[in-house]
Structure formats: structure tokens, C-alpha cells
Amino acid sequence: MAYIELNVYSKVLNLEIPVTVIIPQFPKEPLKTIWLYHGSTGDHTLWARYTNLERYARERNLAVVIPTAHKSMFTNMVHGQDYGVFLGEELVQRLREIFPCLSKKREDNFVGGLSNGAYGCLRTGLRYPETFGAIGAFSGGDAGERYYTDDGTYAARRSVLVFGEGCPSETEHSVKWLARQLKEKGGQFPRIYHAAGELEISGQGDGMTEFFNDMPCEYQFEVFPGVGHEWKLWDQAVYKFIDEFLGIKPVTTKYYV
Amino acid sequence: MDFLHMQIQSEAARTPLPLDVLVPNGEHKGPFKSVYLLHDLAGNNTSWMRKYSLESYIDDAVIIMPSCLNSFYVNMYYGYDMLDYITKELIEICEGWFDLDDRRLVAGIGMGGYGAVRAALAAPKVFKQAISIDGLLDPGKFYDEPLPALKMEDVFGPKEYFYYSDNCLKNAVHGKNLLFTSPPPITLCGKGGQEWQEILKAEVVETGNPMEVLAQKVREL
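Residues numbered from 1 in each chain as written. Chains lettered and ligands numbered in written order. Predicted model: local features only at pLDDT ≥ 70, side-chain atom pairs only at ≥ 80, totals over all residues. Heavy atoms only, no water.

1. Brief notes about the overall build of chain A
To keep it simple, the criterion reads: For helices the rule is a DSSP run of H or I covering at least 4 residues; for strands it is a run of E covering at least 2, with both sets numbered from the N terminus onward. Just to be clear, the radius of gyration here is over C-alpha atoms, and the globule rule we use is 2.2 Å times residues to the power 0.38. When a residue's accessible area, from a 1.4 Å probe over protein chains only, is under 20% of the maximum for its type it is buried; when over 50% it is exposed; and in between it is partly exposed. We call two residues in contact whenever any of their non-hydrogen atoms come within 4.5 Å of each other. Surface accessibility follows the Shrake-Rupley procedure with a 1.4 Å probe radius. Residue values consider only the protein chains on display as shielding.
The secondary structure content of chain A amounts to eight helices and eight strands. Here the C-alpha radius of gyration of chain A, 17 Å, is about what a compact globule of 257 residues would show, namely 18 Å. Dimensions of chain A, computed from the C-alpha atoms along their principal axes, are close to 50 × 40 × 40 Å. Burial analysis of chain A (257 residues in total) assigns 60% to the buried set. Sequence-distant contacts, at least 24 apart, represent 71% of the contacts inside chain A between residues at least 6 apart. When the accessible surface of chain A is split by element, carbon and sulfur atoms take 49% of a total near 10,600 Å².

Here it is, written out as C-alpha cells:
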């Protein structure tokens, strides 16, 4: 297993973006790949630093790609750059150019994320359902449902930079809008795994359960007891996503010590 | 080029090792040539990137910069099997990941220059070209002029053993791997090339910028 920090030049963003790649050293077949997003204050290093992700990947010969998306909320910013295009198109294409061993099959590619990244992976997965076969959203919902206005606070200003003033619920920023579009077009939905902690505000799933139960897709919501909006939850959730929801079981128990 | 810094697990050296790689940007399409750059004594994977503006000379090959400690890139008498790492495992790993063909070049500076020649003689079918820049092609002299923090016996074994082994390049040019094949073209740049020209049947470039020689050889690959 190799731990790689990669600096990939993005034409879409005109910026060098650091990306963490965890990848088996001797791939024998096209590698199943998880594209994993960080939270609002995170970067490409946190998943590897705060969870056992590399061990889960190592046991299963999985590749993991963790980009940095700065403060973009993983979407195409109204006042900023098209991070949504970068994440859903350019990054995937570029990484597959650099590593031809990554599987190009929809059923081998999964997008996941926590908090802001949970919104981000729902958005990416539903915007690019031909690329991703499953979504693992941990502790987050549809950021495209809220009303944004610049009240002078940092948090509000940041949201306005991403979504503009008002409510983006009828735009491509909205997870529900993207899902409705996909349903209308008769497209194939990614399977969706949605996790939350019992002790966090979005512990009840943000009303996503009702919405997705009416959609032609597989949707599973799970509350983890005794944990809040924290890495303890996301470590458990990403494990459960990989091992149970995706059903990717260990093939080796050989470790380096 | 896109820059990758990584930590890989070497089975040959039985240790994790850092590795830096440059991959041509999206305008160049593979399969690519591969350039293995070996660092000098006291160097590591970062040395080439820090000392030379590599990307202004080479922009259409995958550049692979391993870290091999002060091993002289040989299978150490007491230590790591770095020759196996460089000539077999590293290539297998990189070619399993990246879009590479068999146009492989190995180049090095100082100890790395010795390493490049040693690797080319050990794996003559693997490398299509070797370049040594100011290469320490006769490490045997360090038995008498000790290097800081390095025991020659640990790297090469006892002095007599070294002079009988293929790690002495004079033996390696007639070594067992070369019985049925000939070594790839070897270019010696900078200091100390002349005395090895005849032995290695090498091209010698004493003056000029070795980076331009390297870039030229990559283009010709």
C-alpha cells in the first residue's frame, strides 16, 4: 500500500490542488476507487490522519482519492471557481490518466464525504451518476435547501460566496433538484448510504429519508448511537459503508508493523 | 508536470521508503518514457528536485526519484537489497501504476552515477540508457578514504570481496548477467569519465551542462 500526496494541476481552477491517494502497490485488476471529501474546515490530509481508512483500504485492495476543495462546498461557486466540475470530471479523468490501474466502471467508483463533504458527495454523485455507482454521505444533507444572505458574519459570507444570495433550491446546487432531474430523465441513481450520529443536529437525517424513499433509488439511513459530529462517527461510518453497504470484504490481513 | 510525493513499502529493501514522481501534464499523452534519477551520497528522493530545475529540461517523461540511503544502490552486504529494489521492484510498482512503456533511462549523480551504471549492468535488458554525472565509479577507494558515517564493509563487504564482486564495475562488465547480452549505452558526464571510457565502452562528455545531456538522451530514447 502506498500513501501518496499528489499535486495535480487543474485547468478548470487554474490551480495546483493537493490530493491524497492511497493505493495498492501491485494492482492485479482495475482498482475499485473511493473518492472521499473532507468537511468545512478540512483538507486532503484529515481522513488519513483521523480514521483507520488506510487499513480498511489495505485489507480490501481499494484505492482512495481524497482531494482538497478549499471552501467551495464541492460545488460550482457563484463567486469563485467551478470546483464541482473539477471534482466530478477533471479530477477523475486526470487521476485515471496518471493511474490507468483505476477502474473506470461506474460500479467500481464510489463517492463519499463528511459534513460539508457529505453534501458534496451527494451533489457530485447525483450530478455525475454515470461515473459513481454509490454515495456514502456522513453527517450532512442538502445545503441547497437553505436560504443564504450576507448578514456580515463569516459563516454567512462564506455561504454566499458559494451559493449566492437567496435559496439555490432550484439550481444544480440542490441535491433534491439534481435527484428530481435525474428521475425525470429516467437516469440510473447511485445507491445512497446516509449516516448520522445520534448526538448531532442532523441526527435525524435532515428530512432526506422521506425524500429519497419517493425516488427510484436504493437509500439507506443509519444513526450511530452515542456519537456526534465527530471523527469517531466517521471512522465507523466509512467502515460500514465499505464493508457492509458496498459489501467489499477483506482479502488480506497482512500488515506492515 | 504533476508532482507526487509518496511513501511506499519495499519488499526488496524490507522497509518503507519515500518516493517522488513527476508525471507529464494532461497535454502530453502516454504511454510515457520513464526516467529513474538516483541521488548522491547524503541525498534522498528530494535532492534532484531541489538542485535542478528538472521540469525545464524534461516535460514529457515520467520522472521517478527514489530514496536509497547511502547504499550505493547495491544489495548491501549488511543492509538493504537496494539493487533489487531499483532494478526490479521499483519498476514493477511504477509500471503497475503509471502509463509507461519500456523506454527506461537511469541516471544519477555521484553515488547515483555509480548506481545508474551498476543498475544498467545488472539489468541490461531493463534500461535502454544509463547516464552517470560525476559518478563515483570506483567506490573501492573509499576503503582507504573513509566516508562520514558509512562503513564500506557494511555496503560492499570486506575489501577483497568487493574487488571480486560485480559491485566492482570492472567485474560487472563481464558479469553473469552480461554473458548473453550487452550493456545499454552508457554516458559519463563531468569528472572522472576518461578512465572508465574504455572499460565501460562509454560515451564521455566532460564539459557542458549535464542536464542538457540528460534531456537530450531522454529525447533520443
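Once you've had a look at it, read on.
2. Focus: the nonpolar core
The tendency in soluble globular proteins is for nonpolar side chains to be buried side by side. Put simply, the test is: By nonpolar core we mean a set of buried residues, namely Ala, Val, Leu, Ile, Met, Phe, Trp, Tyr and Cys, connected to one another through side-chain atoms within 4.5 Å.
Counting 116 residues, the largest nonpolar core has Ile23(A), Phe99(A), Phe212(A), Phe72(B), Trp97(B) and Phe98(B) as its most contacted members. Dropping the residues within four chain positions of it, Trp97(B) is found in contact with Ala2(A), Ile4(A), Ile23(A), Pro24(A), Gln25(A), Pro27(A), Ile98(A), Phe99(A), Pro100(A), Cys101(A), Met6(B) and Ile8(B). Judged by nonpolar contacts, the second largest core, of 30 residues, contains Leu46(A), Trp47(A), Ile66(A) and Phe241(A).

3. As for the environment of His44(A)
Residues and elements named next belong to chain A. Basically, it comes down to this: Under the rule applied, a polar contact is a pair of N or O atoms within 3.5 Å (in protein, one hydrogen donor and one hydrogen acceptor; residues adjacent in sequence only if both atoms are side-chain atoms).
Here His-44 is to be found in the loop between β3 (33-37) and α1 (46-50). Residue classification places His-44 among the buried positions, given a relative accessible area of 7%. In the structure, His-44 is positioned 25 residues away from Val-19 in sequence and 5.7 Å away in space, judged by C-alpha atoms. Apart from the residues lying within four places of it in its own chain, the contact partners of His-44 are Glu-5, Pro-18, Val-19, Thr-20, His-38, Ile-66, Pro-67 and Thr-68. Reaching out from His-44, the side chain makes a polar contact with the side chain of Thr-68 at a distance of 2.9 Å.

4. Side note on the environment of Ile109(B)
Residues and elements named next belong to chain B. Considering the arrangement of structural elements, one finds Ile-109 in strand β5 (residues 100-109). It is 22 Å that separates the C-alpha atoms of Ile-109 and Leu-4, two residues lying 105 residues apart in sequence. With residues up to four places along the chain from it excluded, the contact list for Ile-109 reads Leu-38, His-39, Asp-40, Trp-48, Tyr-52 and Ile-133.

5. Re a nonpolar patch on the surface
As a reminder, the rule being used: Put simply, a patch holds well-exposed residues, over 30% relative accessible area, that have no salt bridge, with like charges counted together within 9 Å and Val, Leu, Ile, Met, Phe, Trp or Tyr side chains within 5 Å. By definition, a salt bridge exists where a carboxyl oxygen of Asp or Glu is found within 4 Å of a side-chain nitrogen of Lys or Arg.
Together, Tyr77(B), Tyr78(B) and Tyr161(B) give the surface a local cluster of nonpolar side chains, amounting to about 370 Å² of exposed area. For Tyr161(B), the location among the structural elements is in helix α5 (residues 159-164).

That's the geometry; what it means functionally is another story.
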